[in-house]
Structure formats: C-alpha cells, structure tokens
Amino acid sequence: MNVLATRSRSMKLPRQRGSARAACRLRSAGNWIPLGWPYLRGTRMERTHRDLQGAEPGDGVSVAALAAKWGFTHLGRFAVDYRRRFGTYPSQTLRS
C-alpha cells in the first residue's frame, strides 16, 4: 500500500466515525485537527454547570446523569476538568 493511499484513508476516519483515536492518528501524522473541539467541550461543560446549578435537591438528578446527557463518559476526568474550570466539584454545585 502506498503512503498516499494510507494518508487518504486515515484522513477520512474522523468524518466517518468521529473517533478520538482517528484524531490522534491525524495529529501524529501532522495533519489538520478540528480546532472546534476545545470550544465544543467548553460549551458542554458550561451547559452541564448550568444544569447542575438549576437542579433542585428533590429532583433526583445526579452528576453522572447530567454528565452523560452532555456527552462526558469518564466521570473522574469530568470531575477533575469541572473543578479546574469552576473551582468546585460538580457534586458541590449540585448540592448548593
């Protein structure tokens, strides 16, 4: 298989699958990475924060449910990123 065919195939992966693994392959190959990802992640984090602030204690809402709603699948990483951004844990925001 020639190099152009390999690069061409790898460049199609993110559009077809949207996977982080494919994006890492592109990054290591020195190709374009969508710059909108940090913006989208920040937007999802802001909306999760808004939902946590607006939740009532008796609603039965959980941090895990809201994080999943906004596309965060690794709860530990989400909690660390949330605290870094807002200065408090998501569970503390939910309780306040």
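Because the structure is predicted, anything quoted here is derived from the model rather than measured. (Residues numbered from 1 in each chain as written. Predicted model: local features only at pLDDT ≥ 70, side-chain atom pairs only at ≥ 80, totals over all residues. Heavy atoms only, no water.)

Visitor: Go over the packing of helix 3 (residues 36-54) against helix 5 (residues 75-86), please, and point to the residues and values.
Guide: Interhelical geometry of helix 3 versus helix 5 gives an angle of 85 degrees and a closest axis separation of 11 Å. The pairing of helix 3 with helix 5 is recorded here as roughly perpendicular in orientation. Side by side, helix 3 and helix 5 meet where Arg 41, Gly 42, Met 45, Glu 46, Thr 48, His 49 and Leu 52 of the first sit next to Phe 78, Asp 81, Tyr 82, Arg 85 and Phe 86 of the second. By residue class, the composition of the contact of helix 3 with helix 5 is 5 nonpolar, 3 polar and 4 charged. (Axes fitted to C-alpha atoms, helices over the stretch in contact; angles between N-to-C directions. Helix = DSSP H or I, 4+ residues; strand = E, 2+ residues; numbered from the N terminus. Parallel < 35°, antiparallel > 145°, perpendicular 65-115°, else oblique. Contact = heavy atoms within 4.5 Å. Nonpolar A, V, L, I, M, F, W, Y, C, P; charged D, E, K, R; others polar.)

Visitor: If you had to explain the side chain of Thr 48 to someone new, which residues and values would you point to?
Guide: Inspection of the secondary structure assignment puts Thr 48 in helix 3. For Thr 48, a relative accessible area of 0% gives the class buried. (Buried < 20%, exposed > 50% of the residue type's maximum accessible area, 1.4 Å probe, protein only.)

Visitor: I'd love a proper account of a nonpolar patch on the surface, names of residues and values included.
Guide: A cluster of nonpolar side chains, Trp 37, Tyr 39 and Leu 40, forms an exposed patch at the surface whose accessible area comes to about 360 Å². Tracing the backbone shows Leu 40 in helix 3. (Patch = residues over 30% accessible without salt bridge, like charges linked within 9 Å, V, L, I, M, F, W, Y side chains within 5 Å. Areas by Shrake-Rupley, 256 points an atom, 1.4 Å probe, with all protein chains shown as cover. Salt bridge = Lys/Arg side-chain N within 4 Å of Asp/Glu carboxyl O.)

Visitor: Tell me about the packing of aromatic side chains, residues and numbers included.
Guide: Under the counting rule described, the total for this entry stands at 3 aromatic pairs. An angle of 40 degrees between the planes, with centres 4.9 Å apart, marks the rings of Phe 72 and Phe 78 as tilted. Residue classification places Phe 72 among the buried residues on the basis of a relative accessible area of 4%. Overall, the relative accessible area of 1% leaves Phe 78 in the buried class. Aromatic side chains Phe 78 and Tyr 82 sit 5.7 Å apart centroid to centroid with 50 degrees between the ring planes, which places their arrangement in the tilted category. With Phe 78 and Tyr 82 both in helix 5 and 4 residues apart, this pair spans about one turn of that helix. Neither residue differs from the other here; Phe 78 and Tyr 82 are each classed as buried. Just above the ring of Phe 72 sits the side chain of Arg 44; from NZ or CZ to the centre is 4.5 Å. (Phe/Tyr/Trp six-rings, centres within 6.5 Å; stacked < 30°, edge-to-face > 60°. Lys NZ or Arg CZ within 6 Å of the ring centre and 35° of its normal.)

Visitor: Provide a residue-level description of the side chain of Asp 81, including the pertinent values.
Guide: Mapped onto the secondary structure, Asp 81 falls in helix 5. Side chain to side chain, Asp 81 and Arg 84 meet in a polar contact 3.2 Å long. Ignoring any residue separated from it by four or fewer positions in sequence, one finds Asp 81 in contact with Arg 41 and Met 45. (Polar contact = N/O pair within 3.5 Å; in protein donor to acceptor, adjacent residues only side chain to side chain.)

Visitor: Can you explain the nonpolar core? Please cite residues and give values.
Guide: Met 45, Leu 52, Ala 55, Val 63, Leu 66, Ala 67, Trp 70, Phe 72, Phe 78, Tyr 82 and Leu 94 form the largest nonpolar core, which has 11 residues in total. Of all the secondary-structure elements, those providing two or more residues to this core are helix 3, helix 4 (63-69) and helix 5. Ranked by the residues each element gives to this core, the list is headed by helix 4, at 3 residues. Apart from the residues lying within four places of it in its own chain, the contact partners of Leu 94 are Leu 52, Ala 55, Val 61, Ser 62 and Val 63. (Core = buried A, V, L, I, M, F, W, Y, C linked by side-chain atoms within 4.5 Å.)

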